[in-house]
Amino acid sequence: MINIAIFASGNGSNALRLIEYFKNHSSIQISCVFTNNPSAGVIQKAKENAVPCLLFNKVQFFEGNAILASLSKYQIDYIVLAGFLLLVPKNVISTYSNKIINIHPSLLPKYGGKGMYGDHVHKAVLANKEIETGVTVHLVNEEFDKGKIVGFEKIVISKNETLESLKQKVHEAEHRILPHIVEKIVLERD
Ligand code: GRF
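Owing to the predicted nature of the structure, the values given are computational and were not obtained by experimental measurement. (Residues numbered from 1 in each chain as written. Predicted model: local features only at pLDDT ≥ 70, side-chain atom pairs only at ≥ 80, totals over all residues. Heavy atoms only, no water.)

> Would you take a moment to explain the pairing of strand β2 (residues 28-35) for this structure?
Among the 8 residues of β2, 7 are classified as buried, and the element is accordingly described as predominantly covered. In this sheet, β2 lies alongside strand β1 (residues 2-7) in parallel orientation, the contact comprising 6 bridges. Note on β2: the bridge partner recorded for Asn3 is Gln29. Chirality of the crossover, the property in question, places the unit of β1, helix α1 (residues 13-21) and β2 among those that are right-handed. Relative to strand β3 (residues 53-55), β2 is paired through 3 bridges, and the arrangement is parallel. Within the sheet, the bridge partner assigned to Val33 lies in β3 and is Cys53. Viewed along the sheet, the connection from β2 through helix α2 (residues 41-48) into β3 turns out right-handed. (Buried < 20%, exposed > 50% of the residue type's maximum accessible area, 1.4 Å probe, protein only. Helix = DSSP H or I, 4+ residues; strand = E, 2+ residues; numbered from the N terminus. Pairing = 2+ DSSP bridges. Right-handed = clockwise from strand over helix to strand, strands pointing away.)

If you want it as structure tokens, here you go:
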């Protein structure tokens with residue numbers, strides 16, 4: 001079995017989609033969820049699906065080897081960042097070189113980088129009167145949203161688009177593409 005850990009800081013709808021998609025998979029499983037946020041919705045979603053969820057604080061995340069030790073305990077092969085708001089530390093990136101996958105709610109490189117997350121992205125897209133946006137799946141390196149792009153889906157912005165309608169379109173696209181791209185990357189490599 002190839003073991004995937006999901007890192008998430010929020011609601012966890014993408015995490016749930018991954019958990020459900022890989023539930024009866026023959027060679028890939030979601031083995032645990034890591035979160036830095038004690039009130040994240042993802043905690044309940046993991047619990048309901050009997051996936052272990054590990055809560056950590058910033059000291060544990062950024063100092064020492066606590067995260068690597070936990071990843072090793074669960075024999076994690078790949079990490080998926082699904083709405084994870086902290087920069088992944090260097091020791092984790094070098095241990096999991098090209099094995100960390102992130103989903104971003106815009107067509108990178110547009111609307112990426114520090115501070116560009118959640119509603120900030122969609123508000124900027126609408127304020128600039130873009131005619132299209134999208135979602136991007138990329139490998140993670142030491143800079144926010146700068147790693148190799150491994151998949152994307154474009155979304156047409158309608159004339160009367162609102163923040164809420166755009167968020168919904170983006171989430172639907174994320175849920176559609178993320179499990180398939182993760183599966184493809186993992187199976188092509190192993
Ligand atoms: C998604 O829009 C994802 O692209 C971004 O954070 C959001 C997480 O949503 N990185 P959810 O917690 O999976 O619902």
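> In this structure, what is going on with the nonpolar core? I would like to understand it.
One recurring pattern in soluble globular proteins is that nonpolar side chains are buried together. Among the nonpolar cores identified, the biggest contains 38 residues, and Ile4, Ile6, Leu18, Ile30 and Val182 are the most heavily contacted of them. Of all the elements, helix α7 (residues 163-189) adds the most residues to this core, at 9 residues. Ignoring any residue separated from it by four or fewer positions in sequence, one finds Val182 in contact with Ile4, Leu18, Phe22, Val80 and Ile101. In terms of nonpolar packing, the next biggest core, distinct from the first, is built from 21 residues, Ala5, Leu54, Val92 and Ile100 among them. (Core = buried A, V, L, I, M, F, W, Y, C linked by side-chain atoms within 4.5 Å. Contact = heavy atoms within 4.5 Å.)

> For this particular structure, what's the right way to read the site of the ligand?
Inspection of the region around the ligand gives Asn11, Gly12, Ser13, Asn14, Gly83, Ile103, His104, Pro105, His171 and Glu174 as its neighbouring residues. Note that an oxygen atom of the ligand is positioned 3.5 Å from one of the backbone N or O atoms of Pro105. For the ligand, whose free accessible area comes to 370 Å², the fraction covered by protein is 85%. In this structure the site holding the ligand corresponds to the largest pocket. (Near = heavy atom within 4 Å. Polar contact = N/O pair within 3.5 Å; in protein donor to acceptor, adjacent residues only side chain to side chain. Areas by Shrake-Rupley, 256 points an atom, 1.4 Å probe, with all protein chains shown as cover. 1 Å grid on protein atoms, 1.4 Å probe; cavity = no way out; pocket = protein on both sides within 12 Å on 5 of 7 lines; lining within 4 Å. Sits in = over half its atoms within 2 Å of the grid points.)

> Teacher, can you tell me more about the packing of aromatic side chains here?
The geometry of an aromatic ring pair is captured by the separation of the ring centres together with the interplanar angle, meaning the angle of the planes. Scanning the entire structure with this criterion turns up 10 aromatic pairs. For the ring pair Tyr21 and Phe22, a centre distance of 5.0 Å and an interplane angle of 85° mean the geometry is edge-to-face. The exposure class of Tyr21 is partly exposed, given its relative accessible area of 25%. Assessed through its relative accessible area of 2%, Phe22 is described here as buried. The rings of Phe7, Phe34, Phe56, Phe61, Phe62 and Phe84 are connected pair by pair, giving a single aromatic cluster. Positioned over the ring face of Tyr78 is Lys99, at 5.2 Å from the centre of the ring. (Phe/Tyr/Trp six-rings, centres within 6.5 Å; stacked < 30°, edge-to-face > 60°. Lys NZ or Arg CZ within 6 Å of the ring centre and 35° of its normal.)

> Is there a simple way to think about the packing of helix α6 (residues 119-127) against α7 in this case?
How two helices pack is summed up by the angle between their axes together with the distance between the axes. α7 packs onto α6 with a crossing angle of 115° between their chain directions and a minimal axis gap of 10 Å. Considering only the axes of α6 and α7, their crossing is right-handed. Across the interface between the two elements, Asp119, His122, Lys123, Val125 and Leu126 from α6 touch Leu163, Leu166, Lys167 and Val170 from α7. (Axes fitted to C-alpha atoms, helices over the stretch in contact; angles between N-to-C directions. Left-handed = near helix turned anticlockwise from the far one by under 90°.)

> How should I be thinking about the sheet that holds β3 in this particular structure?
Within a beta sheet, neighbouring strands are joined by backbone hydrogen bonds and run either parallel or antiparallel to one another. Taken together, 7 strands build an open sheet; the order of strands is β3-β2-β1-β4-β5-β6-β7 and the sheet is mixed. Of all the strands in the sheet, the pair left with one neighbour each is β3 and β7 (149-156). Pairs of neighbouring strands in the sheet enclose a mean axial angle of 20°, with direction left out of account. In the packing of α2 onto the sheet, the strands contacted are β2 and β3, and the crossing angle to β2 comes to about 145°.

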